[in-house]
Every structure is written in C-alpha cells, then in structure tokens.
Amino acid sequence: MSAEVAAVDVATPSNSLAAIARRRLDALKAGDVGTLPIVIGLIGIVIFFYSKNGNYLTAGNFTNLMTQMAGVTTIAIGVVFVLLLGEIDLSISYVSGVVGVVVAQLQIPDESWQVKGVVAIGIAVSIGALIGALQGSFVAIIGIPSFVVTLAGLLFWQGVILYAIGDAGVLIIEDTTINNVANYFFSDTHGFVIAGVATGLFAVTSLAGVVSRRRHGIRTDNLILVTAKLVVFTTIIFGAVIWANKERGFPLAFLLVIIFLIFWTWVAERTTFGRHVYAVGGNAEAARRAGINVRRIRIQVFMISGLMAGMGGVIFAARLNSVDFNAGGGTLLLDAISAAVIGGTSLFGGHGRVISALMGSLVIATVANGIDLLGYSSAIKYMVTGLILLAAVTLDTVSRRRLAQSGR
Amino acid sequence: MTSAPAESTPGPIATTTPALEARGVSKSFGSVEALVDVDFEVRSGEVMALVGDNGAGKSTLIKCIAGIYPLDEGEVHSDGRKVSIHGPKDAAKLGIEVVYQDLALCDNLDVVQNMYLGRETHDWLRRLREAPMEARTAETLKSLRVTTISSIRQQVASLSGGQRQSVAIGRAVMWNSRVVILDEPTAALGVAQTQQVLELVQRLAEQGLAVALISHNLHDIFEVADRITVLRLGRNVDVFDRRTTTQQTVVHAITAGIPTKVAGIATKDVE
C-alpha cells in the first residue's frame, strides 16, 4: 500500500522529534501498541488505589511489594522466552518448587551432603536448567506439543516434591546465605551506590550506541530522546532507592530481579541467539531455511525457562526460610504466565520484550496489594486479575490482526 | 523463428561458460518421472526464463539445482566446474541463491534483521553489530535502487508485496552471489509492484549476475528475459532467444512442444 510513497532515501530518514513522533503514531495506528497500554494501565491502577487508601504508596508497603514481586518476576522472565517461540511451559511452578526443595536439602546441617549456601543455590538452579532442557528436547526433537510435555512435567514434578519432602512436611532453611537472597536489605549508602552505578552503565551504553552509529554514518538516535530516556531511568531508580531507604532499604531480591532483567534483555535484543529466538517464533520455516538450528534454539529456550524457574524457586524458599509440600502450588503458575502476557508478550510468538515480565507482575502485584489494603476478599482479587488478563490477550489479538492487515 | 537446443548449439549470446549449468538431470518420485534428461543453463549478465505449464518440472528442477532434492542422474556445473550441492548451504557457498515463492521472511523482524537472518554480524561475545548491518543493508537496497521502503527499521509485516519481494531479492544478492534463482517473483503482485520487481530483476542482470526467472506470465518474461527455456512434462522443449521469437511460439512450445532429446515421443495431450 505504501509503494507509491515518494522515494525516500533509505539511508537517512529524518530523526527530528516530530518525525519520530509521526512514525510512532503510524505504528500505533497500524496496531503496534508496544508498552503504551501497560504503562497507562499501571498509572491508572496506582491512582485508583491511592485515592481509595492513603497507605497504598507508603514506603513500608512499597518495599513489601518489591520483595513479593521478585519471585514471580524472575519466573516470568523465563516465560517470556518460551512465549517468544510461540510455545508454553506449564511446569515452571513445580520446577521452581523442586529447585527450592533441592536447595533446602543441600543445606540441612550435619547431613553428609551439606554444602555451602552459594554452592547449594548453584547446584539447585542447574538442576532447574537441566529439567528445562530435558522437557525442551521432547518438544524440539520428538515434536510433542510443549503444552503436553510441560503438563506432564507439572504432574511429575509435583509428585517429586511430595515424595522428597515426605512425612516431615516442611524443610527449614537455616543457611544465612540462602535466606539473605530474599531477606537482605541494603543500607542507605549502598542503595545509592547501586543506583549510581546502574545510571552510569545505562548512560555509557546509550552513548556507545550513538557513537557506533555515527561512526558507520547511519542515522543516529535523536539525542534529545536519548537524554530523556536517561532522565526517566535515573528518576525511577533513584526514586525507588530513596523510597525504600525510608523503610528497611533496597532489597537484594529486587536487585537480583533488575540484574536478571538487564542480562536477559541484552541476550534477547543484542545477541545472535536472541535474534534467532525471535526469528523462530516469527517464522520457524524461514529461520530453518536461513540456516538457523531451530531445534537447538528450542531446547535452549526451555533451558532458560527451567533456569529462571529455579532462580524464582530459590527466592521463594528464602523468603519463607523453608520449603513445604505446597512449594510451587497455588496461583504461582498462572501468575507467572499472566505476568508475561499482561506485560505485552504475545501468545502467538515472535513479539514481546523481557521487560514485560516486570510490567506484568507489577500490574498483578499492585492490584493484589491494593485489593488487600481495601479489605476485599481473594474472590475479588482473582476476578479482577482474570479480567485484566483477558483484556491483555484481547488487546494482543486485535493489534496482531491490525498489524497483519496493514501490510497488504 | 530461431531456436536452438541449449546443449549442442549455444544461443546467439553464448560467449562465456555458463555461470550455472545443469546437464542431463533426471528425477523421479516413485513411478512419477518429474524430470527426464533435462538441460538448463544461465550465464552471467543474462536473465534466463524458465517456463512451462503446471507440472512441467520447473520447481523440481530448481530444487534439484539448489540441493533440496538429490539428483537421480545428471550433473550441475558452476563456472564450468562440476559441483555437488547437498543443501542450501552448499548452494550459498557457490554463490547460488534461491528466492522462493513464499519469500521466507520473518514478519516480526525488520528489514535489516531479515536481510541478515542466520548470518548476523557479531563480535566474539556474539553481540550483534547493528550499525554495520544497517549501513550495508541501506547500501545494498540503494544499489538496487529500492527506494520505496521508508525505513529499513520497520517490520517486514508492514511492507507491501513488492517491497517484501525487494527485501527477499536484496537478501539473496547481498552475499557475493553470482546466480540468483527467482521462483514466481511477481505471482502475487499488482501492476505497479510487478513493474518495480521486473525492473529490479533487470538491474540484477545489468550488475553482472546470472538470473534465472521462473514464471507463468509470458508478458513479464518477454519484458525482461534474454532467453527462454521451455519445459514440458519434465522434458526440454526448446530454448528461445527473446528478440527473435514471439509469444505465440512460446505458448505453442509450452502446450504442445515436442521434446527435443527423446526421439519418437509422440505429442501427448496435456493432463
């Protein structure tokens, strides 16, 4: 349809603010909504609950929220990768439970297999990754739908948890390293150092991008926009630290989440592996013909899913200082998958960003937290979360359709 | 009407060895003889059309050359050397690129990402080097005078059919390829876009590439092709020089042509 558009030099489209805004608006009209709905939704949710209850944004509640979210967000990062392929992983919640059990077992004092906390975490998380790779192999090599393989995993690993915990009913975690994962809070100064380092890294990487593009003589990003992004980033991270410092301080668990988010965003958007994940999710046949090893990509993605589920499992176990036979149960599975989807990752594969794990769990956590504060029951919480999920998926489907139509 | 069988009496432009030549290719699927002793050649700087009715064996021939199907008999020569091609990667190494009808683009990726799919430029950390990729993509499209794509950072999903075809062709020629095989490049396009793609095809030949063009559309072929190879029922009928033949002659060859290499075969009815 745009074939008749006047000949524009492909190398140098304008990068003025007006031109960028126009392109963004065009993309929006074509159905590429990006993170816009979720940001608007979040602001709406916060304003709504804050107007109802003044305690909503207190520092104490805020630090609580951050530690509560950490586990689900970590697991949801793995879910994003699986969804990017257009697959699903239903086993994540019980895989996280299994990893929690392994961590708890490995630190039991005076057992012959007792190891240091860090080693225990390392071993347990590797087991999570192995489980993911195993399930991924069934999907990639034998060709069983991931829905079925991971449904089997859901049942199997739940059984394993019950078997491993046995009659004890609960495994207490005494190792301080492990417990610190979810219960350590940085001092005020350390909090600011972390915020400063993060801001510095962000500034350096954005600047490096601009320099590299200029050196190759292609359109650089608009400098005003780059600066604006930096300002927003700085405000958010320092704001979070200042707010958290009014209470217990910035939680280690949330720093881990931020590190995971940055690392996996880097993997997804800046490496060949990430590019190939998007390609396989968008058009597996095209990826295969382009020489991409589709099977290996699938197995690796399920491995990431298992790994991040394991990380989440450690955070949950540390938070409770124990693991019981409910580990991985409850709404964990649905929360993690809904977080990725509500955050804007498409269920149809090929579209989404790692940050959507955080955005989605922010929505779920703020809604749950607000409803708790207002004194409503869980019944209301489930209904509201369900409606938000439905809205997110509807938006995804409709915008996908518009995007597909705009091409012809 | 001048016509000459390709293998014995080379056509009027024949001054060099063919960039790509298939000799005596046969291929059967079970009891179905898809190709019988077929010859095909394309030289640098020319557009060689490959035409034939449905089931004539055009796609099978291309897939045999590209290494997707193994040959039952016959050989493939590249620049006069006998080569064995066992898959798309072997073909790519020899500078032979095929643009299939369904284009094999990822809709969710942008133009640059599609052009470099599977061959991304990266450093030792496997980090993508976006800037050089973007610069080279812009350069390639510019050299092909593809100017209708307003931003090479837009998703392929938002491009028109002609633009998608341009991206697919651009991807094929970016890798020092010498031979480009296009499978029905204009089949799904409107009039204006067909024109764009045909101009692009001609430009490829002008740049010295050997272009093989599979098409049903004789109008398109007479506009861009230098020579026309006609297949019928899996056999060679003839090779025509475009300047000295007419559409009627070619249509007759497609529908009722008599295979050149097998003596005594009566003209069968088409399916």
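Refer to the structure above for everything that follows.
Model, not experiment: these values are computed from the prediction.

S.K.: Before we move on, can you summarise the interface of chain B and chain A with the specific residues and values?
M.R.: Between chain B and chain A, the residue contacts involve 39 residues of the former and 38 residues of the latter. Among the elements that take part in the side of chain B that touches chain A, helix α4 (residues 130-143) of chain B stands out by supplying seven residues, more than any other. Here the side of chain B that touches chain A is built from residues that sort into 17 nonpolar, 15 polar and seven charged.

S.K.: So what's going on with the sheet that holds strand β3 (residues 47-51) of chain B? Which residues, and what values?
M.R.: Residues and elements named next belong to chain B. Spatially, β6-β7-β8-β3-β9-β10 is the arrangement adopted by the six strands of the open sheet, whose pairing is mixed. What marks the edges here is a single partner per strand, and that holds for β6 (96-99) and β10 (235-241). Strand-to-strand, the axes of this sheet are offset by a mean angle of 20°, without reference to chain direction. As paired elements, strand β7 (residues 179-183) and strand β8 (residues 210-214) share five bridges and run parallel to each other. Looking across to β8, one finds that Val180 is bridged to Val211. Packing against the sheet, helix α8 (residues 247-256) makes contact with β3, β9 (227-232) and β10, and its axis sits at approximately 25° to β9.

S.K.: So what's going on with the packing of helix α8 (residues 188-215) of chain A against helix α9 (residues 223-245) of chain A? Residues and values would help.
M.R.: Residues and elements named next belong to chain A. The geometry of α8 relative to α9 is characterised by a closest axis approach of 9 Å and an angle of 170° between their N-to-C directions. In terms of orientation, α8 lies roughly antiparallel with respect to α9. Taken together, the residues of α9 that come into contact with α8 (itself represented by Asp188, Gly191, Phe192, Ala195, Ala198, Thr199, Phe202, Ala203, Ser206 and Val210) are Val226, Lys229, Leu230, Phe233, Thr234, Ile237, Phe238, Val241, Ala244 and Asn245. Of the residues assigned to the contact of α8 with α9, the class counts are 13 nonpolar, five polar and two charged.

S.K.: Can you lay out the nonpolar core for me, pointing to particular residues and giving the numbers?
M.R.: Core analysis: the largest hydrophobic core is formed by 187 residues, its most contacted members being Val103 and Val314 of chain A together with Val211 and Leu213 of chain B. Considering each element in turn, this core owes the most residues, 15 residues, to helix α13 (residues 294-320) of chain A. Non-local contacts of Val314 of chain A, meaning those with residues more than four positions away in its chain, are made with Val99, Gly100, Val103, Ile121, Ala124, Val125 and Val181 of chain A.

S.K.: Would you mind going over the sheet that holds strand β2 (residues 32-42) of chain B in detail, with residue names and values included?
M.R.: Residues and elements named next belong to chain B. The strand order β2-β1-β4-β5 describes an open sheet built from four strands, whose pairing is antiparallel. If you trace the sheet from one side to the other, it starts and ends with β2 and β5 (81-83), each paired once. Geometrically, the sheet is characterised by an average inter-axis angle of 30° between neighbouring strands, direction not taken into account. In this structure, strand β4 (residues 73-78) lies alongside β5, joined through three bridges in antiparallel fashion. Paired with His77 across the bridge in β5 is Lys82.

Calculation notes
- Residues numbered from 1 in each chain as written.
- Chains lettered and ligands numbered in written order.
- Predicted model: local features only at pLDDT ≥ 70, side-chain atom pairs only at ≥ 80, totals over all residues.
- Contact = placed C-beta atoms within 7 Å.
- Helix = DSSP H or I, 4+ residues; strand = E, 2+ residues; numbered from the N terminus.
- Nonpolar A, V, L, I, M, F, W, Y, C, P; charged D, E, K, R; others polar.
- Pairing = 2+ DSSP bridges.
- Axes fitted to C-alpha atoms, helices over the stretch in contact; angles between N-to-C directions.
- Parallel < 35°, antiparallel > 145°, perpendicular 65-115°, else oblique.
- Core = buried A, V, L, I, M, F, W, Y, C linked by C-beta atoms within 7 Å.
- Buried ≥ 20, exposed ≤ 12 C-beta atoms within 10 Å, placed from the backbone.

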